[in-house]
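Here's the letter readout for the chains.
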Amino acid sequence: MSRVRTVLSMRTREGCEERFESEWLTAAEQIRTLDGCLHQDLVRDADDPRSYLIISDWADRERLDAFGRSAHRDRLLSIIRELRESADRHTYQVLHSVTGEPGEGR
């Protein structure tokens, strides 16, 4: 199986941005220890501070789906669900990755 990337778009409830970020970081620290979790990013829209993307890479779809169905996931993300206004998730198969070369300004 090949690596997969999930992109979860979330919009927080008004005034919940700081707590959302903190709670995400707490959950992410635990999720990163799970078998198959390769990388996670939380990014905020530069023009809308209530809109976020959670981007995570997993070794394969099976391990991602196992986490997605787990009670452990439900416990870790329960507070985040309370802080959000909306959410939309997509999963992609990673075909190619290209990294930048080290140089000035990096």
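Being a predicted model, the structure only gives us computed values, none of them experimental.

## Some details on the sheet that holds strand E2 (residues 37-44)
Strand order in the open sheet formed by 4 strands is E2-E3-E1-E4, with antiparallel pairing between adjacent strands. Taken across any chain shown, the strands that pair with only one partner, and hence form the sheet edges, are E2 and strand E4 (84-93). Averaged over neighbouring strand pairs, the angle between their axes works out to 15° when direction is ignored. Sheet topology note: the strand E1 (residues 4-12)/strand E3 (residues 51-58) ladder contains 8 bridges and is antiparallel. By the bridge assignment for E3, Val-4 is matched with Trp-58. Contacts between helix H1 (residues 17-31) and the sheet are confined to E1, E2 and E3, with E2 contributing the most and set at about 175° to the helix.

## A short note on the UniProt feature "domain: ABM" (unreviewed entry) in the chain
UniProt tags residues 4-92 as "domain: ABM" (unreviewed entry). Across residues 4-92, the secondary structure splits into 40% helix and 38% strand, with the terminal C-alpha atoms separated by 6 Å.

## Digging into the environment of Glu-14
Position of Glu-14 among the secondary structure elements: in the loop between E1 and H1. Put simply, Glu-14 and Arg-50 are 36 residues apart on the chain and 7.2 Å apart in space, counted from C-alpha to C-alpha.

About the thresholds
- Residue positions within a chain follow its written sequence, with the count starting from 1.
- Only residues with pLDDT of at least 70 get local features here, since the model is predicted, and only at 80 or more are side-chain atom pairs given and counted; chain-wide, interface and lining totals rely on the full set of residues.
- By convention in this description, side-chain values take in all heavy atoms of the structure and omit both hydrogens and water.
- Strands are treated as partners if at least two bridges between them are detected by DSSP.
- Helix and strand definitions here come from DSSP, where helices need a minimum of 4 consecutive H or I residues and strands a minimum of 2 consecutive E residues; each element is numbered from the N-terminal end.
- Angles run from 0 to 180 degrees between N-to-C directions of axes, and those axes are lines fitted to C-alpha atoms, restricted for helices to the stretch in contact.
- Should any heavy atoms of two residues lie within 4.5 Å, those residues are considered in contact.
- UniProt positions are given in the numbering used here, feature names are shortened, and annotations may be inferred rather than shown by experiment.

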